[in-house]
Structures are given as C-alpha cells and as structure tokens.
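Here are the chains, one letter per residue:
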Amino acid sequence: GAHSTVPYRGYVENVSPQEQWDNIPVIGKLQILTFVGMLESYGEIPGEVPHYTQPGGIPGYYPPLVGKRPELLFNLYDPFDFFVDADAES
C-alpha cells in the first residue's frame, strides 16, 4: 500500500518504473539528476586514460574517484577495498 515516509513520501507499490518516476517528488528527481550529471561530467575530465572515443581510449572505463577531490575520501565503487583480490586474480 501507500507509505507516508519509507522509502519516500508518495511511494506506491506494484506500479511500472515510469509511474514510479512520476511519483517521486520534484526535489528528489533534481537530486538524482544532479548526482548523475556530476558523475557524467567527472568522467569527461581528461586523465591518465584517453576518452573512450579517442585513439587508445578504453570503452567502459571510468576513472577512480578516490583522492581527486577533498570531499571524496573513499572510492565510490569499492570504498573498503573488498574487490582488490578479485582484480589481482583476473
């Protein structure tokens, strides 16, 4: 049924993703779009690997976020280095 607080005000069960997006408050949509836009713009900053459309670029590669900005203390993908061993094995 309808919820008053969790996961967000106006949440309705058993609706399509499009209807669920329509039910999200405007401020929530702005937060989601701002966060995705920030990640997208960060991924476009030139780094040690060229952009994926340039010669030598790697499609699907995203630069690690840790250490680039003072507010980013942890890598957002693997904040506690759980996947370090899995990367070494492959």
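Fair warning: this is a prediction, and the values are worked out from it, not measured in the lab.

A word on the overall build of the protein
Right, on to step 1. In terms of regular secondary structure, the protein is built from three helices and zero strands.
Right, on to step 2. Mapped from its N terminus to its C terminus, the protein presents α and β elements in the order α-α-α.
Right, on to step 3. Expressed as a percentage of the 90 residues in the protein, the buried residues total 11%.
Right, on to step 4. Partitioning the intrachain contacts of the protein with sequence separation of at least 6 by distance along the chain shows that 5% fall at a separation of at least 24.
Right, on to step 5. For the protein, the exposed surface amounts to about 7500 Å²; the carbon and sulfur share of it is 63%.

Details of a nonpolar patch on the surface
Right, on to step 1. On the surface, Trp-21, Ile-32, Leu-33, Phe-35 and Val-36 cluster together to form a nonpolar patch covering roughly 470 Å² of accessible area.
Right, on to step 2. Of all the elements, helix H2 (residues 26-43) adds the most residues to the nonpolar patch, at four residues.
Right, on to step 3. Inspection of the secondary structure assignment puts Phe-35 in helix H2.
Right, on to step 4. The exposure class assigned to Phe-35 is partly exposed, which follows from its relative accessible area of 45%.

So, how was this worked out
Positions within a chain are numbered from 1, following the residues in the order the chain's sequence is written. Residues qualify for local features only when their pLDDT is at least 70, as the model is predicted, and side-chain atom pairs are given and counted only at 80 or more; totals for whole chains, interfaces and linings, by contrast, use all residues. As a rule here, side-chain values come from all non-hydrogen atoms in the structure, and water together with hydrogens is ignored. Runs of H or I in DSSP of at least four residues are treated as helices and runs of E of at least two as strands, each being numbered from the N terminus. With a 1.4 Å probe rolled over the protein chains alone, any residue whose accessible area is under 20% of its type maximum counts as buried; one over 50% counts as exposed, and the rest are partly exposed. Whether two residues are in contact is decided by their heavy atoms: any pair within 4.5 Å suffices. Throughout, the Shrake-Rupley method with a 1.4 Å probe supplies accessible areas, and for residues the shown protein chains are the sole cover considered. Grouping into patches uses exposed residues only, defined as over 30% relative accessible area, and leaves out salt-bridged ones; the cut-off is 9 Å for like charges and 5 Å for nonpolar side chains (Val, Leu, Ile, Met, Phe, Trp, Tyr). When a carboxyl oxygen of Asp or Glu lies within 4 Å of a side-chain nitrogen of Lys or Arg, that pair is called a salt bridge.

Don't take any of this as a statement about function, it's just geometry.
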